[in-house]
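Coordinate inspection notes
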Protein chains: 2
Amino acid sequence: MTFTSEPHPGVRPPPAATDGFVLNHTMLRVKDPVVSLGFYTHVFGMVLLRKLDFPEMRFSLFFLAKLNDTDQVPEETGARTGWTFSQRGILELTHNWGTEDQADFAYHDGNTQPQGFGHICFAVPDLVKAVKWLDDNGVEYVKRPEQGKMKNVAFVKDPDGYWIEIVQPELNANLGQPSPDQAC
Amino acid sequence: MTFTSEPHPGVRPPPAATDGFVLNHTMLRVKDPVVSLGFYTHVFGMVLLRKLDFPEMRFSLFFLAKLNDTDQVPEETGARTGWTFSQRGILELTHNWGTEDQADFAYHDGNTQPQGFGHICFAVPDLVKAVKWLDDNGVEYVKRPEQGKMKNVAFVKDPDGYWIEIVQPELNANLGQPSPDQAC
């Protein structure tokens, strides 16, 4: 890897002490894992790599990945757990037992106040086909591609209301670059 | 890829319509990008792949990756933007202009009420060395590895207070598996 960061105040070169670091996963709390697993495995085609139960603390963790054809997932459980923690792009869902039975329970999506976390994002090979697929599955939109200033970007909601951005990478090559109307 | 999801209610097989989907990035809002870029590029060795400015809407986006030796990052800006959107494990930081000048401004980390987002996680090759590196850089801990029930896991805070989990994958091969004290 010879790429050097784009220049910006604050940016520093990667220290040798960080060699081998991997941005492994993002964790979101979910109210009902049956609903969330159905959504992420069907609508986004993820697989459940590992479920980890912590009965003493009354929670379970679900590690999901969207695999590609070259991923070699170990079948043996311990090796698979280690593999899961060494990959990029894992989604961890945390279920605190019992929330699914509380009618008025809901997690906070981070986009209303107080703000913080914004969204996760899936890249897709074909945005038009992906939108049809999401529509076929009754997925709720925050913003359809044709709405707003960013025409090649969609946002949908997962079952807890967390936002998921949908992009087709090559359609966004000019995003944020000077354009006639600065609308990108 | 021949791996089949672990069985659990809700889990379904990946549909062909999701072929090529990639879990690309996680977006977090940050108060001061100079501080956050210094933190993520130095402490975690990430590189700034792209900065995208949206002056009309008064925000900027920063796309960061922890690269490995085999990553081939295109030098040309448009190609690099497309590449960025096609990878796994990208961190997107959003800066709404002006927040860095507001003394009492802070984002919500998702772990106090209202809860939602939990953390991001870096895998590291050597947890002991990583902890020394984090200590050398004065990083604030939520939980050191020796604290709490999960002895091989640490949590630190980024400059906005977002939690970052630190794991050494092979130390967690038995996590969540039956153990004598169920403490995992």
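Just so you know, these numbers come straight off a predicted model, no measurement behind them. (Residues numbered from 1 in each chain as written. Chains lettered and ligands numbered in written order. Predicted model: local features only at pLDDT ≥ 70, side-chain atom pairs only at ≥ 80, totals over all residues. Heavy atoms only, no water.)

**Quick look at the overall build of chain A**
On a plain count of helices and strands, chain A comes out with three helices and eight strands. C-alpha atoms of chain A, sized along the principal axes, occupy 60 × 45 × 35 Å. With 184 residues in all, chain A has 58% of them scored as buried. Expressed as a percentage of contacts within chain A between residues at least 6 apart in sequence, the contacts between residues at least 24 apart total 60%. As presented, chain A carries roughly 7,700 Å² of accessible surface, and 53% of it is formed by carbon and sulfur atoms. Across chain A, the mean location of the 16 positive side-chain charges is 3 Å away from that of the 24 negative side-chain charges. (Helix = DSSP H or I, 4+ residues; strand = E, 2+ residues; numbered from the N terminus. Buried < 20%, exposed > 50% of the residue type's maximum accessible area, 1.4 Å probe, protein only. Contact = heavy atoms within 4.5 Å. Areas by Shrake-Rupley, 256 points an atom, 1.4 Å probe, with all protein chains shown as cover. Lys, Arg positive; Asp, Glu negative; His and termini not counted. Charge placed at Lys NZ, Arg CZ, Asp CG, Glu CD.)

**Observations regarding the UniProt feature "domain: VOC" (unreviewed entry) in chain A**
In this structure's numbering, the residues bearing the UniProt feature "domain: VOC" (unreviewed entry) are residues 22-169 of chain A. A distance of 22 Å separates the end C-alpha atoms of residues 22-169 of chain A, which is 21% helix and 34% strand. (UniProt positions renumbered as here; feature names shortened; annotations may be inferred.)

**Comments concerning the domain arrangement of chain A**
Residue and element names in this part refer to chain A. Here chain A is described as being made up of domain 1 (22-66 + 78-107) and domain 2 (118-174). Distance from the C-alpha centre of domain 1 to the C-alpha centre of domain 2: 22 Å. Each partner contributes to the interface: domain 1 provides 16 residues, whereas domain 2 provides 14 residues. Of the roughly 1,200 Å² buried between domain 1 and domain 2 on both sides combined, carbon and sulfur atoms contribute 71%. Broken down residue by residue, the surface that domain 1 buries against domain 2 is led by Phe39, Val43 and Phe44, which jointly contribute 40%. The set of elements that each furnish at least two residues to the side of domain 1 that touches domain 2 consists of strand 1 (22-29) and helix 1 (33-43). Broken down by element, the residue count for the side of domain 1 that touches domain 2 peaks at six residues, all from helix 1. Its residues assigned to classes, the side of domain 1 that touches domain 2 comprises 10 nonpolar, three polar and three charged. (Domains from an automatic or database assignment. Buried area = accessible area lost by both parts, 1.4 Å probe. Nonpolar A, V, L, I, M, F, W, Y, C, P; charged D, E, K, R; others polar.)

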